[in-house]
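Here is how the chains run, residue by residue.
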Amino acid sequence: MDLSSLRCPLGAKKKKKRVGRGDGSGHGGTACRGHKGQNARSGGGVSPGFEGGQMPLVRRVPKRGFRNPFRKKILIVNLEQLKDFEAHSVVDENSLRAKGIVSKKGDVIKLLGRGEVKVPLKVRLQHVSEGARRKIESAGGTVE
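Since this is a predicted model, take the numbers as computed values, not measurements.

Thresholds, definitions, all that
- Residues numbered from 1 in each chain as written.
- Predicted model: local features only at pLDDT ≥ 70, side-chain atom pairs only at ≥ 80, totals over all residues.
- Heavy atoms only, no water.
- Helix = DSSP H or I, 4+ residues; strand = E, 2+ residues; numbered from the N terminus.
- Contact = heavy atoms within 4.5 Å.
- Pairing = 2+ DSSP bridges.
- Salt bridge = Lys/Arg side-chain N within 4 Å of Asp/Glu carboxyl O.
- Buried < 20%, exposed > 50% of the residue type's maximum accessible area, 1.4 Å probe, protein only.

K.L.:
What exactly am I supposed to notice about the environment of Ser129 here?
P.N.:
With respect to the helices, strands and loops of the structure, Ser129 is situated in the loop between β5 (127-128) and α3 (130-138). Through-space distance from the C-alpha of Ser129 to that of Asn78 is 9.9 Å; in sequence the pair is 51 residues apart. Setting aside anything within four residues of it in sequence, one finds Ser129 in contact with Lys110, Leu111, Leu112 and Gly113.

Okay, here's the thing in structure tokens:
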């Protein structure tokens, strides 16, 4: 048995309805579209949001707020999550991803000061809060 010998089960494939191929086919003339009207014309029909002339839901619901298209996704890491790092090890984006602390995609990582750090660490991240910076430096570490 190989891939070339596989066949679909009987009835799994249905033939496409071929319309507009003459009156003898049963689908000739108007090609199953009926006589005249919006849907009989080429390009006819209504847009997906059309509600028969009533004010569409998209326009009835009030608009609220502002969504910045240039916003940055900030991933949060707290000091308590750094307990697995050994003394004098480098904490950067690659090491956080390797340890599984950060797994999601984001623009930048920010280190916050919840928890305690007991060993000196070298932190190389884009954003570090003031509280986290103080705790790291008091433990003998550095923030670059």
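Once you've had a look at it, read on.
K.L.:
I'm lost on the pairing of strand β3 (residues 108-112) in this one. Help?
P.N.:
Taken residue by residue, a regular strand's side chains alternate between the two faces of the sheet. In the sheet, strand β1 (residues 74-78) pairs with β3 via five bridges, with the strands oriented parallel. Across the sheet, Asn78 pairs through a bridge with Leu112, a residue of β3.

K.L.:
Would you take a moment to explain the sheet that holds strand β4 (residues 122-123) for this structure?
P.N.:
Whether parallel or antiparallel, the strands of a sheet pair through hydrogen bonds between backbone atoms. Taken in spatial order, the three strands of this open sheet run β2-β4-β6, and their pairing is parallel. Both outer strands of the open sheet, β2 (90-91) and β6 (142-143), are each paired with one neighbouring strand and no more. Bridge count for β2 against β4 is two bridges, and the pairing is parallel. Across the sheet, residue Val91 finds its bridge partner in β4, namely Val123.

K.L.:
Teacher, can you tell me more about the pattern of salt bridges here?
P.N.:
Two side chains carrying opposite charge are able to pair once their charged atoms lie near each other. Within this structure, the stated rule accounts for five salt bridges. Among the salt bridges present, the one from Lys135 reaches Glu116, with a minimum N-O distance of 3.7 Å. Residue Lys135 is found in helix α3, and its partner Glu116 is found in the loop between β3 and β4; the two are separated by 19 residues along the sequence. Residue Glu116 is classed as exposed on the basis of its relative accessible area of 54%. For Arg124, the salt bridge identified is with Glu144, shortest N-O distance 2.8 Å. Remark: Glu144 occurs in the segment after β6 and Arg124 occurs in the loop between β4 and β5; sequence separation between them is 20 residues.

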